[in-house]
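What the coordinates show
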Amino acid sequence: MKRIRIADLFTQKPIGEVVNVKGWVRTKRGNKQVAFIALNDGTTIKNIQVVVDLATADEEQMKTITTGACLSVVGELVASQGGGQEIEIQCKEIEVYGTADPQTYPLQKKGHSMEYLREVAHLRPRTNTFGAVFRIRHNMAMAIHNFFHERGFYYFHTPLITASDCEGAGQMFQVTTMNLYDLKKDENGSIIYDNDFFGRQASLTVSGQLEAELAAMALGAVYTFGPTFRAENSNTPRHLAEFWMIEPEVAFNEIEDNMELAEDFIKYCVRWALDNCADDLQFLNDMFDKELLTRLRSVIDVEFKRLTYTEGISILEEAVAKGKKFEFPVFWGADLAAEHERYLVEEYFKRPVILTDYPKEIKSFYMKQNDDGKTVRAMDILFPKIGEIIGGSQREESYEKLAKRANEMGVPEKDIWWYLDTRRFGTAPHSGFGLGFERLLLFVTGMSNIRDVIPFPRTPRNAEF
Ligand code: 4AD
Ligand code: MG
């Protein structure tokens, strides 16, 4: 007999038919006459209730059916007699694929803490919350590919192993096959990489941007979507050492086009979630964050507020003058902390904010320099509850200006000669940005810790599973 997915059972409702479902037991309850088994197969947040008549059931088998066990059930689908569910299965036959010892199965009771569930990340997809989060994660990936495909962008694959530091922030994980117990060094004590796998120092990439720019200078509009790695020692609810990033890069786009693309892109993704993940979002809204659905809807309706970094700093300085307390100081030239970003978004403008034209000192070497000599054509998108969700810019297209700035910022020309070549041969104005996939998921799911929107989080001192 062919198995039917529980999600399909709920949409098709073949009442009166004998069906076969397979899944994991969420709960079993009942009395002396009947047992009620809530079964879930991951296709939907909804459980199907299996009703077992204990007069005809195998008593020994029933004992082995406990929370976490995996079953195949055959029975007739009927309109439910009890409240709480529309349909249920009158059980005719059960096969137990795998038992789960109640003494040792880690997901016994409902309402485990998120901290505890991180310790059992290998099993947490079986909870309602993580089932919902990972289904939404999949849907967001589909939304992203659809958005760009519909607009004629090409999905371009950039390398994960690289010899250049795109962001120039020195937060790279090294990749080596050298024997760490026996490193060869020169007279200055520097490691000699000649005999290493790549014959030079290599690392995991922090961003696919530089290679995406090469592609944009040929294919016009491209995007990357892959894992990136940052060895920043920040133990915050918004940082991961391994996260996924989406980076579109578009020839002939100026900063305004870039802002429009980014705003359309985020709104498309949020709308996609509302259209395609209604059950899961409703669950998360009810369980964790009563404002979630309202916040998602409000973002697709409003126009993001655009202002310059300089204007943003003035607003923050005014707030401080009026008695607002921030942990980190506010002054022109300071990098904004999440508390500053969230003040602008949540308290001042009450909508997403696009901040542009940051001081060049706090931004990367590749950003287009403004005529004032002080700022660059950067744009960060700041979101409620998240702070920075997107970072991007128009790129410096002048070979001279770019080479000079790279040199000033300690990015060696020998590492990026190929990047500089795009400015020597057929350079063009172009722009792009990076969206942190898990930051988007934080926003869409309403989860409060980034460790809970990626299946197996990598953070300082944590690489289990
Ligand atoms: O602002 P960032 O560092 O920009 C870049 O990497 C550019 N190369 C992007 C581009 O222009 N193509 O990072 C982009 C986004 C941030 O806005 C944030 O959403 C996310 O990536 N991000 C992180 N997400 C999780 N954990 C971290 N450690 C992150 N660092 C950045
Ligand atoms: Mg940034």
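Let me begin by describing the structure that accompanies this report. The residue numbers shown here count from 1 along each chain, following its written sequence. For this description, chains carry letters from A and ligands carry numbers from 1, given in the order in which they are written. Only residues with pLDDT of at least 70 are given local features in this predicted model, and only at 80 or more are side-chain atom pairs given and counted; all residues enter the totals for whole chains, interfaces and linings. Side-chain numbers come from the whole structure's heavy atoms, not from hydrogens or water.

1. What to know about the nonpolar core
Basically, it comes down to this: Nonpolar cores were defined as sets of buried Ala, Val, Leu, Ile, Met, Phe, Trp, Tyr and Cys residues, with membership established by side-chain atoms within 4.5 Å. For the exposure calls, accessible area comes from a 1.4 Å probe over protein chains only, and a residue counts as buried if that area is under 20% of its type's maximum, exposed if over 50%, partly exposed in between. Helix and strand assignments follow DSSP, with helices taken as H or I runs no shorter than four residues and strands as E runs no shorter than two, numbered in order from the N terminus.
Of all hydrophobic cores here, the largest spans 69 residues; its most connected members are Met140 and Leu281. The biggest single contributor to this core is helix α6 (residues 255-276), with 12 residues. By size, the runner-up hydrophobic cluster in this structure holds 33 residues, among which are Ala319, Phe326, Ala403 and Ile416.

2. Here we look at the sheet that holds strand β13 (residues 353-359)
For the record, the criterion: DSSP calls a pair of strands paired once it identifies at least 2 bridges connecting them. We call two residues contacting when some pair of their heavy atoms lies within 4.5 Å. Axis definition: a line fitted to C-alpha atoms, over the contacting stretch in the case of helices. Angles run 0 to 180 degrees between N-to-C directions.
Taken in spatial order, the 8 strands make up an open sheet running β6-β10-β11-β16-β15-β14-β13-β12, and their pairing is mixed. The open sheet is flanked by β6 (154-155) and β12 (305-308), the only strands paired with a single partner. Relative to strand β15 (residues 387-394), strand β14 (residues 375-383) runs antiparallel, the two sharing 6 bridges. Bridge pairing in β15 places isoleucine 381 opposite isoleucine 390. Across the face of the sheet, helix α5 (residues 209-219) comes into contact with β6, β10 (221-229), β11 (242-251) and β16 (430-436) while running at roughly 30° to β11.

3. Topic: the packing of aromatic side chains
Applicable threshold: Pairing of aromatic rings covers Phe, Tyr and Trp, the last counted by its six-membered ring, and requires centre-to-centre distances within 6.5 Å; plane angles under 30 degrees mean stacked, over 60 mean edge-to-face, and any other angle means tilted. We count a charge as sitting over a ring when the NZ of a lysine or the CZ of an arginine lies within 6 Å of the ring centre and within 35 degrees of the ring normal.
Counting across every chain of the model gives 24 aromatic pairs. Seen from their ring centres, phenylalanine 225 and tryptophan 244 are 6.0 Å apart, and the 90° between their planes marks the pair as edge-to-face. One end of the pair, phenylalanine 225, is in strand β10; the other, tryptophan 244, is in strand β11, with 19 residues separating them in the sequence. When its relative accessible area of 9% is taken as the criterion, phenylalanine 225 is described as buried. Ring geometry for phenylalanine 265 against phenylalanine 433: centres 6.1 Å apart, planes inclined by 40°, an arrangement best described as tilted. Taken as a pair, phenylalanine 265 in helix α6 and phenylalanine 433 in strand β16 lie far apart in primary sequence, 168 residues in all. Each member of the pair, phenylalanine 265 as well as phenylalanine 433, is classed as buried. Three or more aromatic residues joined by ring pairs form one cluster here, namely Phe147, Phe148, Phe153, Tyr155, Tyr223, Phe265, Tyr268, Trp272 and Phe433. Between the NZ or CZ atom of lysine 363 and the centre of the ring of tyrosine 358, over which it lies, the distance is 4.2 Å. Cation over ring: lysine 374 sits above tryptophan 332, and NZ or CZ is 5.3 Å from the ring centre.

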